[in-house]
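One letter stands for each residue in the lines below.
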Amino acid sequence: MKSRPFSKIAAGLAASLVLAAGTALAQTKPKVSFVYVGPVGDMGWSYQHHQGLEAIKKEFGDRIETNFVENVPEGPDAERVIDQLAATGSSLVFTTSFGFMNPTLKVAARHPKVKFEHATGFKQAPNVATYNARFYEGRHVIGLIAGKMTKTNTIGYIASFPIPEVVMGINAAYLAARSVNPAVKLKVVWVSTWFDPGKEAAAAKALVDQGADILMQHTDSPAPVKYAAEKGIFAFGQASDMTQFAPEKHLTAIIDNWNPYYIARVKALLDGTWKSGDTWDGIKEGTVVFAPWSKAIPADVVKLAETARDEIAAGTRHPFTGPVNKQDGTPWLKAGEKATDKDLSSMNFYVAGMEGSVPK
Amino acid sequence: MELLANILISAMIAATPLVLAATGELVAERSGVLNLGVEGMMIIGAIAGFAALLASGSVLVGLLAAMLGGALMAFLFGVLTLTFRANQVASGLALTMFGLGLSALWGQGYSGRSAPPFPRLSIPGLSDLPILGRLVFGQDGLVYLSLALVAAVAYVLARTRAGLVLRAVGENHHAAHAIGYSVVGVRYLAVMFGGAMAGLGGAYLSLVQTPLWVERMTAGRGWIALALVVFAAWRPWRALLGAYLFGLITILQLHSQALGLEVDAQLLSMVPYLATIVVLVLISRDSARARLAAPACLGKSFHASS
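Residues numbered from 1 in each chain as written. Chains lettered and ligands numbered in written order. Predicted model: local features only at pLDDT ≥ 70, side-chain atom pairs only at ≥ 80, totals over all residues.

S.K.: Sorry if this is basic, but what is going on with the confidence of the model for chain A here?
M.R.: For any part of a model where pLDDT is low, the fine detail of the predicted coordinates should not be relied upon. All names here are of chain A. With 92% of its residues at a pLDDT of 70 or more, chain A shows a mean pLDDT of 90. Taking the mean pLDDT of every element in chain A, the minimum, 51, falls on helix 1 (residues 3-28) and the maximum, 97, on strand 8 (residues 214-217). In the model, residues 21-26 has pLDDT below 50 throughout and makes zero contacts with residues more than four positions away in sequence or in other chains. (pLDDT = per-residue confidence, 0-100. Helix = DSSP H or I, 4+ residues; strand = E, 2+ residues; numbered from the N terminus. Contact = placed C-beta atoms within 7 Å.)

S.K.: Would you take a moment to explain the interface of chain A and chain B for this structure?
M.R.: Where interface size is given, it is often the accessible area lost as the parts come together that is meant. In this assembly, 35 residues from chain A lie in contact with 34 residues from chain B. For the side of chain A that touches chain B, the secondary-structure elements that each account for two or more residues are strand 7 (185-190), helix 7 (197-209) and helix 8 (223-231) of chain A. It is helix 7 of chain A that contributes the most residues to the side of chain A that touches chain B, nine residues altogether. In terms of residue class, the side of chain A that touches chain B is made up of 17 nonpolar, nine polar and nine charged. (Nonpolar A, V, L, I, M, F, W, Y, C, P; charged D, E, K, R; others polar.)

S.K.: Can you walk me through the nonpolar core in this structure?
M.R.: Generally speaking, nonpolar side chains in soluble globular proteins are found buried as a group. By size, the foremost hydrophobic cluster in this structure holds 199 residues, and its most contacted members are Ala173(A) and Val189(A). With 16 residues, the single largest contributor to this core is helix 9 (residues 183-209) of chain B. Residue contacts for Val189(A): discarding those within four places in its chain leaves Ile158(A), Ala159(A), Ala203(A), Ala206(A), Leu207(A), Leu254(B), Gln257(B) and Ala258(B). (Core = buried A, V, L, I, M, F, W, Y, C linked by C-beta atoms within 7 Å. Buried ≥ 20, exposed ≤ 12 C-beta atoms within 10 Å, placed from the backbone.)

S.K.: Whenever I open this one, the packing of helix 6 (residues 141-159) of chain B against helix 11 (residues 236-258) of chain B confuses me. Can you help?
M.R.: Between two packed helices, what matters for the description is the angle formed by their axes and the separation of those axes. Residues and elements named next belong to chain B. Two elements in contact, helix 6 and helix 11, have axes whose closest approach is 8 Å; the angle formed by their N-to-C orientations is 155°. When the axes of helix 6 and helix 11 are compared, the pair comes out roughly antiparallel. Two secondary-structure elements touch here, helix 6 through Val 150, Val 153, Ala 154 and Leu 157 and helix 11 through Pro 236, Trp 237 and Leu 240. (Axes fitted to C-alpha atoms, helices over the stretch in contact; angles between N-to-C directions. Parallel < 35°, antiparallel > 145°, perpendicular 65-115°, else oblique.)

Here it is as structure tokens:
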């Protein structure tokens, strides 16, 4: 009888030992964290990054832990969130919006042992790598399709913020559209937000009211595509396949496929080979992919688009090939000259032929 | 001229969720309750309306569900702040966070689904008139409803006994209690009316304006509605004016860009807020009265014995 309390205590001790060992084991597992600017359910940008998180979970299973924070505003709050992740045991933190650049670098300086990866930025550090996708390659392809398919010769473009990433997308789409349709115009509306379905829909309406009959967007919600469906005009999805919002009118979408990159980087972390750097993958590496072509695109236009896609993948075509002048008339690329990555990642001007101006 | 009509129509569409939410909040505040949970009630209305419309196929059921969703959220707020006398500011902020979280959870299965287009008024002859036709006779029903609502609220507050009781509760709850009115009862009704209107405003976004469901789609409109109530000095018609002004300038700046006018994007996105505040401050600058405009018991808990 006397042994009973003892056995209880022993059992309790054993259980707590197991628990403690479990926690200790858990702590040795590297934790990979993600910071998103929008909600996981935005069906666009943040959704695609989250698909990457799901992909590494599937790939590495029990070998890693993951967590994420969504709806993090670009600004002081971002620094607090990133710092907290770094301070609570994350080994690798992906910060997935341009505006997280400086907060990421600041936090990285305070946590030299934690590794960071910042999407779409241009500043690196020994423990901060940057990565981006060559979305402008995708914009070139959809620009060709839009140039061929517009009847009013007016393409509407809903833009977010005047950062190089967005400006180069506009220029790439315009140059491609003009190359197949010299009369084409590209109207741009800046909405100063990545995500506000109501405002994005209003911008889409403003563009359509002013004659656009095909819409492109560089914002994250499917509202413009949905509006296009209602109006019976064509639109391109952004970041993920948005066919479901406009089955008849969604021509294709540039899909951000971060999965291969995330898997490679987490593998490097586990293997101990992680190094800072700057990665810029595109169609060739499978980071920029297209949603299935809509049946509404004529066969010859599909062929044109596929040729462009394959040539870009093969390296025989560059969306920014001279002669191209800047909007103000100053020469930029000589005949046959290709834009350098440095030129692209600091682009803050429209090319010749564009109307309006890049907001300062 | 066609463009002008388009701009005005878009402006009314952009303003309508604000008109609805601000009018509802105005009634709650006139009864002395500050509910900062407008954003949370709107987003619940957005998903409730969307889910009910998809389930039933009926726009009316969708709108009723949105109002019910918003009103239930407001009821929850009422239980916290009126029955248990919790701090109104903190409870309102919590309500917003709760609403955003709950709607995201509830909405998981609804991302990517499509609602049928919302019916628009069409009067043969009248709706086909140039410009005025579509502007005055061709809007969706909720635009007319929101206008009627502002008129009704303005009338009830200023000219009826019920409005008088509501204002009495908001201005001096002890006096209202002393002459036999149920302060807490009146406030429950006012807060729930506010919730129902916020829910309707949210549903306008998810059923008419976009029309789709995405997480966090209200994108801060609840906060703008709250600000409008203050800048409108708690008067329904001024809240309507403020909301329309805000909508008009938002749409104007989008159109001016599409027209190719040279303007600064950051400045432009600031203008709707700035202009609305300036105009509303100017019209309510009659200082002595402006200071008296806020309901005297706004934000204060009521306890019968104190």
